[in-house]
Amino acid sequence: MTAIQPPARVAFVGLGVMGAAMAANLRRAGFELAIHSRSRGKAEALEKAGAIWCPTGAEAAKGAAIIGLCVPDTPDVEAAIFGPGGIAEGVAKGAVVIDFSTISASAAAGFAARLAAERGATLLDSPVSGGPQGAIDGTLTCMVGGERAGFEAAAAYFGAVGKTITLLGPAGSGQVCKSANQLIICATLTAVSEALALGIKAGLDPEAMRGALMGGSADSFVMRNHAKRLLDGKFTPGFRAELMRKDIRLAAQAVRDHGVFGPATAMAAPLLELVCNQGAGKDDLVALGRMIGELSGVGKR
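Residues numbered from 1 in each chain as written. Predicted model: local features only at pLDDT ≥ 70, side-chain atom pairs only at ≥ 80, totals over all residues. Heavy atoms only, no water.

Undergrad: What should I look at first to understand unusual backbone geometry in this one?
TA: What is expected of a backbone is that most residues other than glycine have negative phi and most peptide bonds are trans. Residue Pro7 is reached from Pro6 by a cis peptide bond, and omega for that bond is 10 degrees. Backbone torsion omega between Pro237 and Gly238 reads 5 degrees, so that peptide bond is classified as cis. Note that Gly238 resides in the loop between helix 12 (221–232) and helix 13 (241–257). (Helix = DSSP H or I, 4+ residues; strand = E, 2+ residues; numbered from the N terminus.)

And the structure:
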């Protein structure tokens, strides 16, 4: 499969916060870009930058060598690819579809097999990490599952949206890695929040404590970023707690599917459920840390 380079025609479907930023980087990289989303209003800035609006995903996929996709959940991906007016209706044989959504690993593998059988196209699952700023900066981490030929053909496309791009194995492998990523973030945030609550209750300055911990083996991205947001009381997303709840549900499913002893998953999953059930689902993920502080008696309840 030949590597696709700008100015080849490519497409992107799903223009939420992440998708719109990735699509903008594809346009800046010099690709001829067709776009589609449920709301055309989200496409205005991209159209001004030269992207071509299409009324359906099928129209966007026509003539595109690579089609990117970023939507919220597993049923949304199925609808965007295989539903009426979906990508599968327009995708050409030999084209590559890259799903940047975070969905069920088993569903991702099934969608890849179906698209290959029905349309002769390759589907790569490539959930991302790095958040909205990483999407804007084009520095996302792309965790990819699928065929190597399709992965190599899409190298320039991946390069426009991400910095760390890793092929992890067959279809569904990217989703398994993303579940691991989200599990690590939640488990680490839980531990960091508990540790800061301990320090506050013991009379320590939490900012000084955080600085000390960043200087040793306890340092992490969560300590440097999420803990800072927690201490500053900044709960505007960011990455919404309800989205992390969805991701942790997927992680729990993956743990069950593979027969893994999952104490960290068993801890994180009910905590995210509690955060969302208390009405904080649309707050930033660090609402988890706020809840731990409140339950520890170091914040409002």
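This is not the end of the story, as more comes after the structure.
Undergrad: Explanation requested: the nonpolar core in the structure shown.
TA: For soluble globular proteins, nonpolar side chains are generally found buried alongside one another. Core analysis: the biggest nonpolar cluster contains 36 residues, and Phe12, Ile98, Phe100, Tyr157 and Phe158 have the highest contact counts within it. Every element with two or more residues in this core is listed here: strand 1 (9–13), helix 1 (17–28), strand 2 (32–36), strand 5 (96–99), strand 8 (140–145) and helix 9 (155–161). Here this core takes six residues from helix 1, the largest share from any one element. Beyond its immediate chain neighbours, meaning those up to four positions away, Phe100 contacts Phe12, Met22, Gly68, Leu69, Cys70, Ser126, Pro127, Val128, Cys142, Tyr157, Phe158 and Val161. Counting residues in each nonpolar core, the second largest holds 27 residues, with Phe82, Ile87, Ala108 and Leu123 among its members. (Core = buried A, V, L, I, M, F, W, Y, C linked by side-chain atoms within 4.5 Å. Buried < 20%, exposed > 50% of the residue type's maximum accessible area, 1.4 Å probe, protein only. Contact = heavy atoms within 4.5 Å.)

Undergrad: Can you walk me through helix 11 (residues 206–214) in this structure?
TA: An α-helical turn contains 3.6 residues, so any two residues separated by three or four positions project in the same direction. Residues of helix 11 that are buried: Met209, Arg210 and Met214. What you see down the axis of helix 11 is that its buried residues fit within an arc of 135 degrees, all on one side. Close packing links the buried residues of helix 11 with helix 10 (173–201) and helix 12. For helix 11, the capping residue at the N-terminal end is Asp205, with a side-chain oxygen 2.9 Å from the backbone nitrogen of Glu207. (Arc of directions from axis to C-beta. Polar contact = N/O pair within 3.5 Å; in protein donor to acceptor, adjacent residues only side chain to side chain.)

Undergrad: Before we go on, may I ask you to explain the packing of aromatic side chains in this structure?
TA: A ring pair, where both rings are aromatic, is described by two values, the distance of the centres and the angle of the planes. Across all of its chains, the model carries six aromatic pairs by this definition. On the basis of an interplanar angle of 55 degrees and a centroid distance of 5.9 Å, the ring pair of Phe82 and Phe111 is categorised as tilted. Of the two residues, Phe82 sits in helix 4 (residues 74–82) while Phe111 sits in helix 6 (residues 105–119), which places them 29 residues apart along the sequence. Since its relative accessible area comes to 15%, Phe82 is described here as buried. Residue class for Phe111 comes out buried when judged on its relative accessible area of 8%. Their ring planes at 80 degrees and their centres at 6.2 Å tell us that Phe100 and Phe158 sit as a pair that is edge-to-face. Taken together, the residues span a long stretch of sequence, with Phe100 in the loop between strand 5 and helix 6 and Phe158 in helix 9 at a distance of 58 residues. (Phe/Tyr/Trp six-rings, centres within 6.5 Å; stacked < 30°, edge-to-face > 60°.)

Undergrad: Whenever I open this one, the environment of Gly146 confuses me. Can you help?
TA: By secondary structure assignment, the location of Gly146 is in the loop between strand 8 and helix 8 (148–153). In this structure, Gly146 is in contact with Leu124, Asp125, Leu167, Gly169, Pro170 and Ala171, ignoring residues within four places of it in sequence.

Undergrad: Would you take a moment to explain the packing of helix 10 against helix 13 for this structure?
TA: For any two helices packed against each other, the geometry is given by the interaxial angle and the distance between the axes. Between helix 10 and helix 13, the least distance of the axes is 9 Å, while the angle of their chain directions is 115 degrees. Regarding helix 10 and helix 13, the two cross each other, and that crossing is left-handed. Residue-level inspection shows Lys178, Ser179, Gln182, Leu183, Ile185 and Cys186 of helix 10 in contact with helix 13, the latter providing Met244, Asp247, Ile248, Leu250, Ala251 and Ala254. (Axes fitted to C-alpha atoms, helices over the stretch in contact; angles between N-to-C directions. Left-handed = near helix turned anticlockwise from the far one by under 90°.)

Undergrad: Can you walk me through helix 15 (residues 287–295) in this structure?
TA: The element helix 15 is extensively covered by neighbouring structure, given that seven of its nine residues are classed as buried. All buried positions along helix 15 are accounted for by Ala287, Leu288, Gly289, Met291, Ile292, Gly293 and Glu294. Turning to helix 15, the residues buried within the fold contact helix 10, helix 12 and helix 14 (263–280).

Undergrad: Even after reading the chapter, I still don't get the packing of helix 11 against helix 12, so can you show me in this structure?
TA: The geometry of helix 11 relative to helix 12 is characterised by a closest axis approach of 11 Å and an angle of 180 degrees between their N-to-C directions. One element, helix 11, and the other, helix 12, form an angle in the roughly antiparallel class. In this structure, helix 11 contributes Pro206, Glu207, Arg210, Leu213 and Met214 to the contact, and helix 12 contributes Met223, Arg224, Ala227, Lys228, Leu231 and Asp232. Considering only residue class, the contact of helix 11 with helix 12 consists of six nonpolar, no polar and five charged. (Parallel < 35°, antiparallel > 145°, perpendicular 65-115°, else oblique. Nonpolar A, V, L, I, M, F, W, Y, C, P; charged D, E, K, R; others polar.)

Fair warning: the whole summary comes from geometry, so function is off the table for now.
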